[in-house]
Amino acid sequence: MAILSNHYSVFLCFFHILGFIISSFKPVLAQNSPVFACDITSNPGLANLTFCDASLTVENRVGDLVQRLTLAEKIGFLVSGAGAVSRLGIPKYEWWSEALHGVSSTGPGVRFTSPVPGATSFPQVILTAASFNVTLFETIGKVVSTEARAMYNVGLAGLTYWSPNINIFRDPRWGRGQETPGEDPTLTSKYGAAYIRGLQQRDDSSKDKLKVAACCKHYTAYDVDNWKGIERYNFNAVVTQQDLDDTFQPPFKSCVLEGDVASVMCSYNKVNGKPTCGDPDLLAGIIRGEWKLNGYIVTDCDSLEVIYNKQHYTKTPEEAAALGLNSGLDLNCGSWLSQYTQGAVNQKLVNESVIDRAISNNLATLMRLGFFDGDPRNHIYGNLGPKDVCTPENQELAREAARQGIVLLKNTAGSLPLIPTAIKSLAVIGPNANVTVTMIGNYAGTPCKYTTPLQGLTASVATVYKPGCADVSCSTAQIDDAKQIASTADAVVLVMGSDQSIERESLDRINITLPGQQSVLVAEVAKVAKGPVILVIMSGGGMDVQFAVDNPKITSILWVGFPGEAGGAALADVIFGYYNPSGRLPMTWYPQSYADVVPMTIMNMRPDPATNYPGRTYRFYTGPTVFPFGHGLSYSQFKHHLHQAPKFVSIPLEEKHTCRSTKCKSIDVVEQSCSNLGFNIHLRVKNVGKISGSHTVFLFTSPPSVHNSPKKHLLGFEKVYLTPKREGIVKFNVDVCKHLSVHDGLGNRKVALGPHVLHIGDLKHSLTVRI
């Protein structure tokens with residue numbers, strides 16, 4: 001018996017060890033399979049549940065599911081870490097994933113590990129926007145959603161992505177400007193709608209179903225993070241109705257109406273005294289009511305906690321929960337609603353029907369994503385996996401996106417491009433010359449690989465490298481080392497700028513000059529250089545580099561944003577002329593004097609002569625600039641010729657309209673007078689240089705000076721590729737009521753009567769709108 005007993009003990013011990021090994025492998029096994037509901041294969045009884053029947057409408061399926069849930073279970077669907085309902089075959093789901101410029105590790109919904117250790121990291125949005133290429137915006141979105149689906153299939157990512165960021169880059173100091181498409185409402189609107197299409201649209205053309213779900217953020221008038229101790233959590237953005245309607249709201253409106261986005265995220269700040277996540281006019285009234293959002297409204301993370309603890313807007317946590325839900329909120333990033341909604345119901349602050357509405361919007365989104373259709377590997381995109389992430393094609397697109405966005409700001413004749421065979425030694429200097437993580441900016445994931453500027457340049461010519469500064473703060477510049485290599489090199493590339501320690505979420509800038517001793521380093525190196533000196537600025541926001549613009553020894557200036565994983569290769573492509581730069585600035589570059597005198601907290605876009613307030617962005621700003629919005633040079637030259645454009649446009653009015661008998665400066669935009677009221681502009685563009693390249697054609701308008709209208713406004717843009725001496729036709733379709741209207745002081749849209757000046761390159765064309 002003793003021997004048997006010992007064998008039995010060994011037997012039990014073996015099974016304990018085996019059990020431990022199996023349990024240790026569970027996370028690995030779990031990460032290789034997607035999270036989904038209605039797993040009929042494993043649980044055939046689920047086939048009898050209406051909400052698991054993929055042949056029915058989303059509305060019927062959601063209605064069936066909601067009526068099966070207890071109140072406690074419903075509350076579990078109000079938060080980003082949505083609770084499981086095991087009795088109905090519904091697993092936990094994490095809503096919070098990010099895909100700003102590639103699948104991101106920000107947020108708990110995405111993990112990078114075996115079998116997907118990295119994903120394609122595209123340029124930070126501000127640089128991609130500088131391409132002014134709507135097709136590129138959408139193509140990047142499509143690649144990102146494919147990689148996201150591939151990661152979802154192996155349990156490493158979700159289906160809901162809280163991107164893009166479409167806030168207006170109103171002030172050059174904003175740390176999050178890097179995440180946005182820039183300062184212009186038209187560009188931002190086009191970027192948002194295109195990127196959403198790339199993320200959401202399925203290849204089977206199913207209009208109601210989603211590939212992944214996008215989210216436009218942060219709604220609205222959000223662009224102060226942490227400036228001189230003023231934080232986004234308690235900042236009250238005082239905004240005129242006019243500025244709200246003609247600057248801050250258009251990108252969100254475009255997201256919903258043109259992009260058909262699945263979600264909108266409300267911001268931390270207050271707008272005119274009300275928290276955006278607790279304002280029924282902004283949420284239920286506009287997003288859900290006027291724009292008819294087909295999807296869910298989500299808080300920025302812990303916004304309800306901010307309303308209660310930071311803004312002290314409600315007296316109790318339950319009131320904050322009820323305020324959000326009653327205002328139109330559907331989902332809470334965080335746990336506030338899981339903690340306080342039951343109490344709010346008990347106190348009769350919120351009705352269960354409101355909770356039903358909220359979770360219905362959330363569940364409908366998951367239904368559209370196929371989350372309730374059983375194993376996704378049996379459906380569209382089910383064959384995607386690790387092989388579809390970081391493909392050579394995707395990595396080449398990251399390089400192409402960076403090339404298209406890079407902006408040539410200054411170029412003395414004979415400087416760029418450098419001829420590789422003529423360069424025996426290239427001095428590469430600067431704290432950003434050999435960086436990796438800096439290139440991808442914030443809200444990034446783990447890239448497939450990096451190509452630093454030094455690596456990119458070294459691939460074409462022999463280089464010698466000195467950092468010049470210990471880091472971008474550059475408190476002490478190592479000037480002698482840098483001058484030594486610069487004085488003997490055939491050319492010098494200085495890679496300067498910022499990183500996330502200078503500008504990022506929760507950190508706005510005070511100074512918009514090159515940090516620390518960087519400008520001293522640049523100037524000293526330029527003094528001793530015997531050949532071209534190329535200043536490269538890697539940053540999210542603009543920099544006051546007027547000293548370099550004015551210095552004849554600094555022959556070229558390039559802005560490369562935060563250029564993504566292939567940024568160094570793209571930079572080399574431009575410097576050596578393998579690629580002709582075509583990027584244009586999506587934001588104004590201001591002098592430091594602007595930052596010295598204009599408080600970041602003044603939200604007004606329009607100038608005020610009475611207080612010497614200069615206004616903001618190219619549309620209204622009246623002061624000096626270092627570089628204007630839309631600035632960007634090429635290695636070639638392009639000429640424009642206006643081929644077709646009307647001189648007059650007449651707006652039909654009914655017989656009794658008051659403007660028939662009274663002199664009017666503008667008329668209301670109303671459907672009956674605006675239907676089919678438009679015209680075409682045809683433009684011939686010729687490449688008169690010696691190098692093939694792309695050229696961005698901007699169409700601006702300067703409306704009559706009524707209703708404090710913008711002095712200049714971007715109506716549209718087109719990118720055209722031309723070989724030397726070739727000519728192309730660019731066409732713009734102008735909708736009079738959409739494109740030539742302005743907002744009055746109350747936010748109403750008006751068509752200004754009188755002369756509108758159209759700007760196309762260096763051409764101006766006068767167009768009179770009359771009745």
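Residues numbered from 1 in each chain as written. Predicted model: local features only at pLDDT ≥ 70, side-chain atom pairs only at ≥ 80, totals over all residues. Heavy atoms only, no water.

By the naming in an unreviewed UniProt entry, the protein chain is Fibronectin type III-like domain-containing protein, taken from Anisodus tanguticus. Its UniProt record, at the heading Subcellular location (unreviewed entry), says of the protein chain: "Secreted". (UniProt positions renumbered as here; feature names shortened; annotations may be inferred.)

A. Local environment of the overall build of the protein chain. Tallying secondary structure elements over the protein chain gives 23 helices and 27 strands in all. A compact globule built from 771 residues would reach a C-alpha radius of gyration of about 28 Å, and the protein chain, at 28 Å, matches this within 12%. Evaluated residue by residue, the protein chain yields a buried proportion of 59% over its 771 residues. In the protein chain, the proportion of contacts linking residues at least 24 apart, taken out of those at least 6 apart, comes to 77%. (Helix = DSSP H or I, 4+ residues; strand = E, 2+ residues; numbered from the N terminus. Rg over C-alpha atoms; globule rule 2.2 N^0.38 Å. Buried < 20%, exposed > 50% of the residue type's maximum accessible area, 1.4 Å probe, protein only. Contact = heavy atoms within 4.5 Å.)

B. Spotlight on empty space enclosed by the protein. If you walk through the whole model with that rule in mind, you get three cavities of 30 Å³ or more. A volume near 50 Å³ is recorded for the largest cavity. If you go around the largest cavity, the residues you meet are Phe 169, Arg 170, Asp 171, Pro 172, Glu 183, Gly 542, Met 587, Thr 588, Tyr 590 and Thr 617. Its volume calculated, the second largest cavity comes out at about 40 Å³. Taken together, Leu 100, His 101, Phe 122, Pro 123, Val 125, Thr 128, Phe 137, Ile 140, Tyr 191 and Tyr 195 form the lining of the second largest cavity. For the lining of the second largest cavity, the elements supplying multiple residues, two or more each, are helix H4 (125-129), helix H5 (134-153) and helix H6 (185-200). Residues belonging to the lining of the second largest cavity are distributed by class as follows: eight nonpolar, two polar and no charged. (1 Å grid on protein atoms, 1.4 Å probe; cavity = no way out; pocket = protein on both sides within 12 Å on 5 of 7 lines; lining within 4 Å. Points joined across faces, edges and corners; volume = space filled by probe spheres on them. Nonpolar A, V, L, I, M, F, W, Y, C, P; charged D, E, K, R; others polar.)

C. Layout of the nonpolar core. Counting residues in hydrophobic clusters, the biggest one holds 124 residues, and the most contacted among them are Phe 51, Met 151, Trp 162 and Phe 372. For this core, the leading source of residues is H5, giving nine residues. Once you skip the residues sitting within four places of it in the chain, Phe 372 turns out to touch Ala 37, Cys 38, Phe 51, Cys 52, Arg 61, Leu 65, Ile 90, Leu 363, Leu 366 and Met 367. (Core = buried A, V, L, I, M, F, W, Y, C linked by side-chain atoms within 4.5 Å.)

D. The arrangement of the UniProt feature "domain: Fibronectin type III-like" (unreviewed entry) in the protein chain in detail. UniProt's feature table lists "domain: Fibronectin type III-like" (unreviewed entry) at residues 695-764, given in the numbering used throughout. Within the segment residues 695-764, helix and strand shares are 6% and 61% respectively, and the terminal C-alpha atoms sit 18 Å apart.

E. Main features of the packing of aromatic side chains. Taken as a whole and assessed by the stated rule, the structure comprises 29 aromatic pairs. Note on Trp 96 and Trp 162: the rings are 6.2 Å apart at their centroids and 15° apart in plane angle, and the pair reads as stacked. Remark: Trp 162 occurs in the loop between H5 and H6 and Trp 96 occurs in the loop between strand E2 (93-94) and H4; sequence separation between them is 66 residues. Taking the relative accessible area as the measure of exposure, Trp 96 reaches 23% and is therefore partly exposed. Residue Trp 162 is classed as buried on the basis of its relative accessible area of 0%. (Phe/Tyr/Trp six-rings, centres within 6.5 Å; stacked < 30°, edge-to-face > 60°.)

F. Helix H7 (residues 241-248), seen in detail. Counted residue by residue, H7 has six buried out of eight residues, so it is predominantly covered. Here H7 has its buried residues at Gln 242, Asp 243, Leu 244, Asp 246, Thr 247 and Phe 248. For H7, the elements touching its buried residues are H6, helix H8 (250-257), helix H21 (617-620) and strand E24 (741-743).

G. Just the confidence of the model for the protein chain, in detail. Summarising the model, the protein chain shows a mean pLDDT of 95, and 96% of its residues fall at 70 or more. Long-range and interchain partners of residues 1-30, a stretch whose pLDDT sits below 50, account for one contact in this model, where long-range means more than four residues apart. (pLDDT = per-residue confidence, 0-100.)

H. The sheet that holds strand E14 (residues 491-497), seen in detail. Strand order in this open sheet of six strands is E11-E16-E15-E14-E12-E13, and the pairing throughout is mixed. For this open sheet the edge positions go to strand E11 (407-411) and strand E13 (463-466), each flanked by a neighbour on one side alone. Shown here is a sheet whose adjacent strand axes are inclined to one another by a mean of 20°, direction ignored. Taken together, the four bridges between strand E15 (residues 533-538) and strand E16 (residues 556-559) define a ladder with parallel strand orientation. (Pairing = 2+ DSSP bridges. Axes fitted to C-alpha atoms, helices over the stretch in contact; angles between N-to-C directions.)

I. Quick look at the pairing of E11. Counting buried residues in E11 gives four out of five residues, a clear majority hidden from the surface. Across four bridges, E11 lies against E16 in antiparallel orientation. Residue pairing for E16: Leu 408 is matched across the bridge by Leu 558.

J. Focus on the pattern of salt bridges. Tallied over the entire structure, the rule returns 36 salt bridges. With a shortest N-O distance of 2.6 Å, Arg 616 and Asp 171 are connected by a salt bridge. Highlighted residues: Arg 616 in the loop between helix H20 (592-597) and H21 and Asp 171 in the loop between H5 and H6, separated in sequence by 445 residues. In this structure Asp 171 comes out as buried when scored by relative accessible area, which is 1%. The residue Glu 179 makes a salt bridge to Arg 176 at a minimum N-O spacing of 2.7 Å. In this structure, Glu 179 and Arg 176 share a single accessibility class: buried. (Salt bridge = Lys/Arg side-chain N within 4 Å of Asp/Glu carboxyl O.)

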